[in-house]
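# Report on the structure
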Amino acid sequence: MAINLDSGFEIIYLSDIKYNEMTVEIQYKGQQVAQINKDKSVEKMEIDIYSQYVHPDFLAELNNKYS
C-alpha cells in the first residue's frame, strides 16, 4: 500500500498487514529518502534518513515550493 502526495513524496508501507509493528519507506520523486521503523515501540521509533540517495536539488525544490 502506498500514499502518493502532490508534493512528490510517497509513503510506502513495508510491513505485512498481520505484523504488529510498522515499517514505512518515504520516497521523494522515486528516490528513497527515509525509513521509519516502530519495531522497538512508539517511544523508541527509529528514523533513518538516506541523504546519499537524495538528488542535489532536493532541498532547493522544497524551499521553492513552500516559500
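Above: the structure in question.
Residues numbered from 1 in each chain as written. Predicted model: local features only at pLDDT ≥ 70, side-chain atom pairs only at ≥ 80, totals over all residues. Heavy atoms only, no water.

### Overview of the pattern of salt bridges
Here the structure, examined in full by the defined rule, presents 1 salt bridge. Among the salt bridges present, the one from Glu46 reaches Lys40, with a minimum N-O distance of 2.9 Å. What makes Glu46 partly exposed here is its relative accessible area of 31%. Residue classification places Lys40 among the exposed positions, given a relative accessible area of 53%. (Salt bridge = Lys/Arg side-chain N within 4 Å of Asp/Glu carboxyl O. Buried < 20%, exposed > 50% of the residue type's maximum accessible area, 1.4 Å probe, protein only.)

### Digging into the environment of Gly8
Mapping Gly8 onto the fold places it in the loop between strand E1 (2–4) and strand E2 (9–13). As for Gly8 and Gln27, which are separated by 19 residues in sequence, their C-alpha atoms are 8.1 Å apart. Apart from the residues within four sequence positions on either side, Gly8 is in contact with Gln27, Tyr28 and Lys29. (Helix = DSSP H or I, 4+ residues; strand = E, 2+ residues; numbered from the N terminus. Contact = heavy atoms within 4.5 Å.)

These values are about where atoms sit, not about what they do.
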